[in-house]
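Inside the fold
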Amino acid sequence: MTDYRADFPALTQNINGHPLVYLDSAASSQQPAVSIDAMTEYQRYSHANVHRGVHTLSHRATDIYEGARDAVKAFINARSRSEIVYTSGTTEAINLVAQSYARPDLQAGDRIVISHLEHHSNIVPWQMVCEQTGAELVVAPINERGEVILEQLYALLDERVKLLAISYVSNALGTVNPVQEIIAEAHRREIPVLIDGAQAVPHVALDMQALDADFFAFSGHKMFAPTGIGILYAKERLLEKMPPWKGGGDMILEVSFDGTSYNELPYKFEAGTPNIAAAAGLGASISYLQSIGMQRIAEYEARLLDYMTTALQDIEGIRLIGTAANKASVQSFLLDDIHPHDLGTILDHQGVAIRTGHHCAMPVMQLYGIPGTARASLGFYNNQDDIDRLAEGLLKAREMFAG
Ligand code: PMP
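The structure presented is a predicted model; accordingly, all values stated were derived computationally and were not measured.

Across all of its chains, the model carries one cavity of 30 Å³ or more by this definition. Reported here for the largest cavity is a volume of approximately 40 Å³. Its residues placed into classes, the lining of the largest cavity shows four nonpolar, five polar and one charged. Counting the residues that make up the lining of the largest cavity, at least three belong to each of domain 1 (5-31 + 294-402) and domain 2 (35-291).

Shown next as structure tokens:
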């Protein structure tokens, strides 16, 4: 595949005297220049508030903001632009569903099912809503490779379950869950499904109509776009029934002290002035990704992940955490008894950026009986040289700790 690194200004710099090797895209991916430029262009010449403005700048801002929504709709093949709700990120999208969809109907005796693989943002909003309503949060177990045990998950899906919330790709272990099959099984039992797609969107070609998820949440900053913007995709008939979550400007049709009527979808869920610059960046990042093709990206990354797994396995003293048969982009590991934080610091001195810690997935770490891991994660701008540099850095760390 073409080397796309030059499209990303951040990747062309030296860090601590070495060309940067960026292996932390699962936390935040880098942004291509075309996306940064779209934001700057908006900020310089079209900055104004969206909707309702009669002047030219406001029209431009609205076109940029709503154009990005159309880009998201096409990118994930949603049926309608009404199904694309802007949020500040995955976390806010999941909280919106917890508070606006789940909370009004949940009662004591009801259940929400999640998996043991989840990021805190697909755990805590459900704990909160269960506390608020007396419902119960039930966790489907994973095996030692880090795969959800499907028979046990399906056995949990009885008539008490009001929602299944599960990640597409685990940020801590890289496990790809068979979400298509999981959604079909849940639907067979008339249980709606929320997919935490934060780690899937930058790696997998998506088709909401084929996937049939009821809710699908993701973040701009993990898909080569800026922070401060994310998307809740939801089926229109569900959004129609859900009450607004936040009140304020833009989400209303008419306000009087006798009462308020709400705006049409998706604006009912978008109170207040939004992050227009971030939408400009998101739209441009999507066009950029489409020009490369998500299928090509997925195929390239699969080969690169194989290369990384083999390179890491070849290092004496390495322990890979998360060895699922189907994985995307992420490898967690430990090296001898070197603290992951020390590993991360030694690698940073060599210009290699990885993440260390619990990766906001403490229950996963608890299951393995470890406080955290070192985690290398890939984007399509990485190549085999990056992985060789990671391996060299780890060998150096080993030498340092041995001596
Ligand atoms: N879910 C998963 C699987 C994630 O990896 C992340 C980010 N690490 C989130 C949810 C939360 O995303 P954000 O912080 O952008 O809201």
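And the narrative resumes.
Moving on, we get to the site of the ligand. The immediate surroundings of the ligand are formed by Gly89, Thr90, Thr91, His119, Ser121, Asn171, Asp196, Ala198, Gln199, Ser219, His221 and Lys222. In the environment of the ligand, a nitrogen atom lies 3.2 Å from a nitrogen or oxygen atom belonging to the side chain of histidine 119. Histidine 221 is positioned such that a nitrogen or oxygen atom in its side chain is 2.6 Å from an oxygen atom of the ligand. For the ligand, whose unbound accessible area comes to 390 Å², protein coverage reaches 85%. Within the shell around the ligand, the residues separate by chemical class into one nonpolar, nine polar and two charged.

Right, let's talk about the sheet that holds strand β14 (residues 330-335) for a bit. The strand order across the open sheet formed by four strands is β13-β14-β17-β16, and the pairing between neighbours is antiparallel. In the strand order of this sheet, the two ends are held by β13 (318-321) and β16 (355-357), each with one partner. Taken over all neighbouring pairs, the strand axes of this sheet differ in orientation by 30 degrees on average, direction set aside. Of the pairings in the sheet, the one linking β13 to β14 comprises four bridges and is antiparallel in character. The residue of β14 that forms the bridge with arginine 319 is leucine 334.

Pairing is mixed in the open sheet, where seven strands are placed in the order β4-β10-β9-β8-β7-β5-β6. The two strands at the open ends of the sheet, each matched to only one other strand, are β4 (84-87) and β6 (136-140). Neighbour-to-neighbour, the strand axes of this sheet turn through a mean angle of 20 degrees, independent of strand direction. Here strand β7 (residues 161-167) runs beside strand β8 (residues 193-196); their pairing, made up of four bridges, is parallel. Counted as the bridge partner of serine 167 is aspartate 196 from β8.

Locating alanine 78 in the fold gives a position in the loop between α2 (56-76) and β4. Residue alanine 78 is classed as buried on the basis of its relative accessible area, which comes to 2%. C-alpha separation for the pair alanine 78 and isoleucine 142, spaced 64 residues apart in sequence, amounts to 31 Å. The contact partners of alanine 78, leaving out residues within four places of it in the chain, are Lys73, Glu83, Ile84, Met208, Gln209 and Tyr233.

Our focus in this paragraph is the UniProt feature "domain: Aminotransferase class V" (unreviewed entry) in the protein. UniProt annotation of "domain: Aminotransferase class V" (unreviewed entry) refers to residues 21-390 when read in the numbering used here. A distance of 8 Å separates the end C-alpha atoms of residues 21-390, which is 39% helix and 18% strand.

What counts, and where the lines are drawn
- Residues numbered from 1 in each chain as written.
- Predicted model: local features only at pLDDT ≥ 70, side-chain atom pairs only at ≥ 80, totals over all residues.
- Heavy atoms only, no water.
- 1 Å grid on protein atoms, 1.4 Å probe; cavity = no way out; pocket = protein on both sides within 12 Å on 5 of 7 lines; lining within 4 Å.
- Points joined across faces, edges and corners; volume = space filled by probe spheres on them.
- Nonpolar A, V, L, I, M, F, W, Y, C, P; charged D, E, K, R; others polar.
- Domains from an automatic or database assignment.
- Near = heavy atom within 4 Å.
- Polar contact = N/O pair within 3.5 Å; in protein donor to acceptor, adjacent residues only side chain to side chain.
- Areas by Shrake-Rupley, 256 points an atom, 1.4 Å probe, with all protein chains shown as cover.
- Pairing = 2+ DSSP bridges.
- Helix = DSSP H or I, 4+ residues; strand = E, 2+ residues; numbered from the N terminus.
- Axes fitted to C-alpha atoms, helices over the stretch in contact; angles between N-to-C directions.
- Buried < 20%, exposed > 50% of the residue type's maximum accessible area, 1.4 Å probe, protein only.
- Contact = heavy atoms within 4.5 Å.
- UniProt positions renumbered as here; feature names shortened; annotations may be inferred.

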